[in-house]
Amino acid sequence: MSRNAIRNWYLIHKWSSLIPTAFLLMLCVTGLPLIFHDEIDAAMGEDAETALSGVASANGGLPLDVMLERALVERPGEVPLFMAFSQDSPLLTVTTGPTPDAAGEDMTLLFLDRTTGASLGPAPGNALMDFLLQLHTDMFLGLPGMLFLGAMGILLVIALISGVVLYAPFMRKLPFGTVRKGRSKRLRRLDQHNFLGIVALAWMLVIALTGAINAFADPLTENWRDGEIARMTEAYAGNAALAPADYGSIDKAMSAAQQALPGRSPQFIGFPGGAWSSGHHYAIFFQGDRPITQHLLTPALVDAATGELTDARTMPVINQALMMSKPLHFGDYGGLPLKLIWAALTLATIWVLWTGIMLWLRRRPGEIERRVEEIRSGAAARASS
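Residues numbered from 1 in each chain as written. Predicted model: local features only at pLDDT ≥ 70, side-chain atom pairs only at ≥ 80, totals over all residues. Heavy atoms only, no water.

Asks: Tell me about the overall build of the protein, residues and numbers included.
Replies: Secondary structure summary: the protein contains 13 helices and eight strands in total. For the protein, buried positions account for 47% of its 385 residues. Intrachain contacts of the protein at a sequence separation of at least 6 include 65% that bridge at least 24 residues. Carbon and sulfur atoms make up 62% of the accessible area of the protein, which amounts to about 18200 Å² in all. (Helix = DSSP H or I, 4+ residues; strand = E, 2+ residues; numbered from the N terminus. Buried < 20%, exposed > 50% of the residue type's maximum accessible area, 1.4 Å probe, protein only. Contact = heavy atoms within 4.5 Å. Areas by Shrake-Rupley, 256 points an atom, 1.4 Å probe, with all protein chains shown as cover.)

Asks: Kindly report on a nonpolar patch on the surface, identifying the contributing residues and their values.
Replies: A surface patch of nonpolar side chains, about 430 Å² in accessible area, is lined by I12, L143, L147, I154, I158 and F216. Considering every element that reaches the nonpolar patch, the biggest residue donor is helix α6 (residues 143–170), with four residues. Among the secondary structure elements, I158 is positioned in helix α6. (Patch = residues over 30% accessible without salt bridge, like charges linked within 9 Å, V, L, I, M, F, W, Y side chains within 5 Å. Salt bridge = Lys/Arg side-chain N within 4 Å of Asp/Glu carboxyl O.)

Asks: Hey, could you go over the pattern of salt bridges for me, with residue numbers and the actual values?
Replies: This model, assessed by the stated rule, comprises seven salt bridges. The closest approach of N and O atoms between K339 and D38, which form a salt bridge, is 3.5 Å. Here D38 lies in helix α3 (residues 37–43) and K339 lies in helix α12 (residues 335–361), a separation of 301 residues in the sequence. Note on D38: relative accessible area 37%, which makes it partly exposed. Note that K339 and E39 form a salt bridge whose closest N and O atoms lie 3.1 Å from each other.

Asks: Talk me through helix α11 (residues 317–329); I want residue IDs and the actual numbers.
Replies: Structurally, the α-helix is built with 3.6 residues per turn, so residues lying three or four positions apart point the same way. With 13 residues, α11 extends 18 Å between its outermost C-alpha atoms, agreeing within 8% with the 18 Å of an ideal straight helix rising 1.5 Å per residue. Buried within α11 are the following residues: N319, Q320, L322, M323, S325, P327 and H329. Residues of α11 that are buried make contact with α5 (127–138), α8 (201–215), α9 (217–232) and α12. At the C-terminal side of α11, G331 shows a positive phi close to 70 degrees. (Expected span 1.5 Å × (residues − 1).)

Asks: For the nonpolar core, give the residues involved together with the corresponding values.
Replies: One finds M83, I269, Y282 and I284 to be the most contacted residues of the largest nonpolar core, which totals 26 residues. Among the elements of the structure, α4 (64–74), β1 (79–85), β2 (91–97), β3 (108–113), α10 (250–260), β6 (281–287) and β7 (298–303) are those that each provide at least two residues to this core. Setting aside residues no more than four positions away along its own chain, I269 makes contact with L81, F82, M83, F85, I250, M254, Y282, A283 and I284. One finds L25, I35, F36 and Y333 within the second-largest nonpolar core, a separate group that totals 25 residues. (Core = buried A, V, L, I, M, F, W, Y, C linked by side-chain atoms within 4.5 Å.)

Asks: Talk me through the environment of L110; I want residue IDs and the actual numbers.
Replies: Examined against the element boundaries, L110 turns out to sit in strand β3. Judged by relative accessible area, L110 falls into the buried class, the value being 2%. Each C-alpha atom, one on L110 and one on G121, is 5.7 Å from the other, the two residues being 11 residues apart in sequence. Apart from residues no more than four positions distant in its own chain, L110 is found in contact with A71, E74, R75, L92, T93, V94, T96, G121 and P122.

Asks: Explain unusual backbone geometry to me, using residue names and the numbers behind them.
Replies: In this model, M139 sits at a positive phi of 55 degrees, which is unusual for a non-glycine residue. Secondary-structure assignment places M139 in the loop between α5 and α6. One non-glycine residue with positive phi stands out, namely F140, at about 65 degrees. Counting through the fold element by element, F140 comes out in the loop between α5 and α6.

Asks: Run through the environment of G61, naming residues and quoting values.
Replies: With respect to the helices, strands and loops of the structure, G61 is situated in the loop between α3 and α4. For G61, a relative accessible area of 52% translates into the label exposed. In this structure the C-alpha to C-alpha distance between G61 and D113, which are 52 residues apart in sequence, comes to 8.8 Å.

Asks: Now, about the packing of aromatic side chains: what can you tell me, with residues and values included?
Replies: One pass over the structure, following the stated rule, counts 12 aromatic pairs. Between W224 and W276, the aromatic rings sit 5.9 Å apart at their centres with planes inclined by 50 degrees, giving tilted as the arrangement. Here W276 lies in the loop between β5 (265–270) and β6 and W224 lies in helix α9, a separation of 52 residues in the sequence. With a relative accessible area of 2%, W224 lands in the buried category. Centre to centre, the rings of F268 and F285 are 4.5 Å apart; their planes meet at 10 degrees, and the pair counts as stacked. In this pair, F268 sits in strand β5 while F285 sits in strand β6, placing the two residues 17 residues apart along the sequence. The burial state of F268 is the same as that of F285; both residues are buried. Every member of this aromatic cluster is reached through a ring pair, and the members are F82, W224, F268, W276 and F285. (Phe/Tyr/Trp six-rings, centres within 6.5 Å; stacked < 30°, edge-to-face > 60°.)

Keep in mind these numbers describe shape, not what the thing actually does.
See below:
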């Protein structure tokens, strides 16, 4: 590369790294315990599934209408918003709220045992994990915070790509992964920064991209509802939303959906009027039967009044990517071993970010031109502090 090209890439890497660094450090620190949120909840006695045994709620149990009725007894005057199923235990959850379009803070999540019909009460709270999740997701700023953190993830992608472009010529006279221990502390820190950055490169790209996709979850869901859902329910356009008192049998709706999508397992139901459905339908989401496909959802829209199937379509690719990105972001695909790998790579990323900050804080006059010359000549082996 020419001197100007190297200088430009260096400046791109410098500023795409520096601008988001503080926020990326926050995301790494808060994300580390979130990787183990299931294990932490179980250790604190807040995992309701571990105490239940029997047929998975996605596969059978008491009628869904009975379960919904028992849930609404717990929350008089409220309406159902979601019903979700477990693939491993009889645990069934029902989310209620004051209105069909209730905001998240107004919702109540109830736990029930589908085998016995027993209510397990509202979902137990974990104030620390809730705080960390909210900070990690949107910094308590709602959608603007989510979009801002998504932009920080995109800057990280740019920093990683520019770092690779600079790393190859810089290290061409040294064996891969060399850390020059006999040189200055600053040079050793630079080598560690480069080496760990390359080692964790693929993982950081995955985390940055999935994090950016997750940040746009609300707009993507809204776009799907206003586009795909609207096309699937064109016959209902202009009709007033169905009143909760007019909702029909969930069991009948589930039967119609399962006939349209045989061999799939239900994951959750979105009730009429919410973000995941129309004003007239139960949106029943089915998942695949493999670890990778269980996050690929196919919705069936069933008329909530009559229980008749309206349509069933695979979600658009971008929405499928959203569904896939959430568990991949937190390493939820492969159990504890994968979570441990995720944690180790998170620690490596923290070190890369920290060394990057230290290198910038301890920069010297003429730093850019010196670094450009080192990269251009491939003379890293001869570089001084």
